[in-house]
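# Structural overview
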Amino acid sequence: MKRLFFIFLLAFISFSLVACADNIGKDAPEISAKSWINGNGLKLADNKDKIVVVEFWATWCPPCRASIPHLKKMNAEFKDKNVVFVSLTNEDENTVTKFNKTMGMDWLVGTGSNTANEYGVRGIPHAFIIQNGKIVWEDHPMNGLDKKLAELTK
């Protein structure tokens, strides 16, 4: 039984790594949301001169909740370096607004979004770095996002 579990785990990790690598270098799909918190929305097409971090998450997701302080720190560190953070969820505005009052996400948050489907997101939290309209990095937001942003903003 243990052997079967480890084979499954190895296959899952291999699949995840391949799936992540498939999007690097591709055009980033435009993002959208039904409503926006902390701003009036964002179009990638209007921000090709910036590095845009698009993160997919949900209020009910424990790993998403755990990554919020990390994202908050990165937003503070990189906001003056031409980096814009956007978090998207398919949840409704009321749920996210209540949640945000306790969590203090101080960057742009889109609610009622189905954009994750266009990015092929299979699990959350999942972040993408978009530069010049192309996906240049993707993974869990606590798995190297800060290092990649530091590299891109040198």
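Residues numbered from 1 in each chain as written. Predicted model: local features only at pLDDT ≥ 70, side-chain atom pairs only at ≥ 80, totals over all residues. Heavy atoms only, no water.

## Brief notes about the state of the cysteines
- For the coordinates displayed, the defined rule picks out 1 disulfide.
- Note that Cys61 is cross-linked by a disulfide to Cys64, the S-S spacing being 2.5 Å. In this structure, the disulfide formed by Cys61 and Cys64 twists by about 75° around the S-S bond and is classed as right-handed.
- Note on Cys61: relative accessible area 3%, which makes it buried. (Disulfide = S-S within 2.5 Å. Buried < 20%, exposed > 50% of the residue type's maximum accessible area, 1.4 Å probe, protein only.)

## Here's the deal with the environment of Thr97
- One can find Thr97 in helix α3 (residues 93–103).
- As for Thr97 and Val109, which are separated by 12 residues in sequence, their C-alpha atoms are 9.5 Å apart. (Helix = DSSP H or I, 4+ residues; strand = E, 2+ residues; numbered from the N terminus.)

## What about the packing of helix α2 (residues 62–78) against helix α5 (residues 145–152)?
- The contact between α2 and α5 brings their axes to 11 Å, and the two run at 10°. Classified by the angle between their axes, α2 and α5 sit roughly parallel to one another. Contacts between α2 and α5 involve His70, Leu71, Met74 and Phe78 from the first element and Leu145, Asp146, Leu149 and Ala150 from the second.
- The residue makeup of the contact of α2 with α5, split by class, is 6 nonpolar, 1 polar and 1 charged. (Axes fitted to C-alpha atoms, helices over the stretch in contact; angles between N-to-C directions. Parallel < 35°, antiparallel > 145°, perpendicular 65-115°, else oblique. Contact = heavy atoms within 4.5 Å. Nonpolar A, V, L, I, M, F, W, Y, C, P; charged D, E, K, R; others polar.)

## Here's the deal with the side chain of Lys148
- Here Lys148 shows up in helix α5.
- Judged by relative accessible area, which is 19%, Lys148 ranks as buried.
- Residue contacts for Lys148: discarding those within four places in its chain leaves Ile129, Val136 and Trp137.

## Concerning the confidence of the model for the chain
- Predicted confidence across the chain gives a mean pLDDT of 89, with 86% of residues reaching 70 or more.
- Confidence drops under pLDDT 50 across residues 4–20; counting only partners more than four residues distant or on other chains, this segment forms 5 contacts. (pLDDT = per-residue confidence, 0-100.)

## A word on the packing of aromatic side chains
- Counted under the stated rule, the structure contains 4 aromatic pairs.
- Ring centres 5.9 Å apart and planes at 85° place the aromatic pair Phe56 and Phe128 in the edge-to-face group. A residue pair is termed long-range when its members are at least 10 positions apart, and Phe56 in strand β2 (residues 51–56) and Phe128 in strand β5 (residues 126–131) qualify at 72 residues. Comparing Phe56 with Phe128 shows no difference in burial state: the two are buried.
- When the ring of Trp57 is compared with that of Phe99, the centres are 5.4 Å apart and the planes differ by 40°; the resulting orientation is tilted. Taken together, the positions of Trp57 in the loop between β2 and α2 and Phe99 in helix α3 put the pair 42 residues apart, joining distant regions of the chain. Each member of the pair, Trp57 together with Phe99, is buried.
- By way of ring pairs, the aromatic residues Phe56, Tyr119 and Phe128 are connected into one cluster. (Phe/Tyr/Trp six-rings, centres within 6.5 Å; stacked < 30°, edge-to-face > 60°.)

## Focus: unusual backbone geometry
- A cis amide bond, omega 0°, links Ile124 with the succeeding residue Pro125.
- Phi angles above zero are rare outside glycine, and Asn38 is one such case at about 70°.
- With respect to the helices, strands and loops of the structure, Asn38 is situated in the loop between β1 (35–37) and β2.
- Residue Asn38 is classed as partly exposed on the basis of its relative accessible area, which comes to 44%.
- Here Asn132, not a glycine, exhibits a phi torsion of approximately 55°, which is positive.
- Looking at Asn132, the relative accessible area reads 54%, which means it is exposed.

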